[in-house]
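# Descriptive structure summary
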Amino acid sequence: MEVRPEYLSPCGLYCGVCAVLYADRDGNRKFKERLVDVYKGKLPDSANLMADDIRCKGCLSDEPFLFCRECAIKACTREKGYTGCHQCDAFPCRLIEEFPIPLGRKVMLRAVPYRREHGTEKWVADEEARYDCPACGHKLFRGAKRCNQCGTPVDLD
């Protein structure tokens, strides 16, 4: 398995299983419109969020999601010279505890200690495997409630 550096988000929300990345990669307009409903008003400066804003090539790429461009967590890790929160003794800090998306916060609190204990390669492999539909093996995204291939309800986060 290839570890893509642009997907190694400092906060622990591995980009390789992100709905925004999937929607952009697949050019799925309907999915982008659904994601606008998820994020609009919940992220800083998102009151005017539109489907065309739902695009990302990874948190550490040259084309991150609108919210990830100005991410305080990413800025904090850079200031400290870290590649991620898994290297910080202050985790979980106020930036994690005040993260505006509850599911994101929940995943961070699970994923960061796991990455710290097992290393980046295992964290990536296990995040990728975690989001496979248990019934049919179809690739899902973080936050999925149902497999869009076979319809099986899932709770993977």
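For the structure given in this document, a descriptive report is provided here. Keep in mind the model is a prediction, meaning the values are calculated, not measured.

### Looking at the overall build of the protein
- A count of helical and extended segments in the protein gives seven helices and zero strands.
- Its helices and strands taken in sequence order, the protein reads α-α-α-α-α-α-α from the N to the C terminus.
- Taking 2.2 N^0.38 as the reference for a compact globule, 157 residues should give roughly 15 Å; the C-alpha atoms of the protein span a radius of gyration of 15 Å, in line with that estimate.
- Its C-alpha atoms give the protein principal-axis dimensions of roughly 40 × 35 × 25 Å.
- Here the protein holds 157 residues, and the buried ones make up 45% of them.
- Put simply, 47% of the contacts in the protein that link residues at least 6 apart link residues at least 24 apart.
- Carbon and sulfur atoms form 49% of the exposed surface of the protein, whose accessible area is close to 8,800 Å².
- Positive and negative side-chain charges in the protein, numbering 26 and 24 respectively, have mean positions lying 4 Å apart.

### Describing the nonpolar core
- Residues V20, L35, Y39, I54, F65 and I73 are the most contacted members of the largest nonpolar core, which totals 46 residues.
- Of all the secondary-structure elements, those providing two or more residues to this core are helix 1 (19–26), helix 2 (29–39), helix 6 (102–118) and helix 7 (120–130).
- The biggest single contributor to this core is helix 1, with five residues.
- Not counting the four nearest positions on each side in its chain, L35 is found in contact with A19, V20, A23 and I54.

### Observations concerning helix 2
- For helix 2, the set of buried residues is F31, K32, L35, V36 and Y39. Summarising the axial view, the buried residues of helix 2 lie within an arc of 150°, below the 170-degree limit, and thus occupy one face. In helix 2, those exposed residues whose orientation departs by more than 90 degrees from the buried face are K30 and D37.
- In this fold, the buried residues of helix 2 make contact with helix 1.
- Regarding helix 2, its N-cap is N28, as a side-chain oxygen of that residue lies 3.3 Å from the backbone nitrogen of K30 further along.
- Downstream of helix 2 by one or two residues, G41 has phi in the positive range, about 85°.

### Some details on the layout of surface pockets
- Taken as a whole, the largest pocket spans an internal volume of roughly 590 Å³.
- Lining the largest pocket are 29 residues, and of these L13, C18, V20, Y39 and R142 lie nearest its centre.
- No other element matches helix 2, which puts five residues into the lining of the largest pocket.
- Across the lining of the largest pocket, the residue classes tally to 22 nonpolar, four polar and three charged.
- Its boundaries defined by the atoms lining it, the second largest pocket holds a volume of some 430 Å³.
- In terms of lining, the second largest pocket is formed by 22 residues, of which the most central are Y22, D26, F31, F141 and N148.
- Counting residues per element, the ones that place at least two in the lining of the second largest pocket are helix 1 and helix 2.
- Looking at the lining of the second largest pocket element by element, the count peaks at five residues for helix 1.

Conventions and cut-offs
- Residues numbered from 1 in each chain as written.
- Predicted model: local features only at pLDDT ≥ 70, side-chain atom pairs only at ≥ 80, totals over all residues.
- Heavy atoms only, no water.
- Helix = DSSP H or I, 4+ residues; strand = E, 2+ residues; numbered from the N terminus.
- Rg over C-alpha atoms; globule rule 2.2 N^0.38 Å.
- Buried < 20%, exposed > 50% of the residue type's maximum accessible area, 1.4 Å probe, protein only.
- Contact = heavy atoms within 4.5 Å.
- Areas by Shrake-Rupley, 256 points an atom, 1.4 Å probe, with all protein chains shown as cover.
- Lys, Arg positive; Asp, Glu negative; His and termini not counted.
- Charge placed at Lys NZ, Arg CZ, Asp CG, Glu CD.
- Core = buried A, V, L, I, M, F, W, Y, C linked by side-chain atoms within 4.5 Å.
- Arc of directions from axis to C-beta.
- Polar contact = N/O pair within 3.5 Å; in protein donor to acceptor, adjacent residues only side chain to side chain.
- 1 Å grid on protein atoms, 1.4 Å probe; cavity = no way out; pocket = protein on both sides within 12 Å on 5 of 7 lines; lining within 4 Å.
- Points joined across faces, edges and corners; volume = space filled by probe spheres on them.
- Nonpolar A, V, L, I, M, F, W, Y, C, P; charged D, E, K, R; others polar.

These figures capture arrangement, not role.
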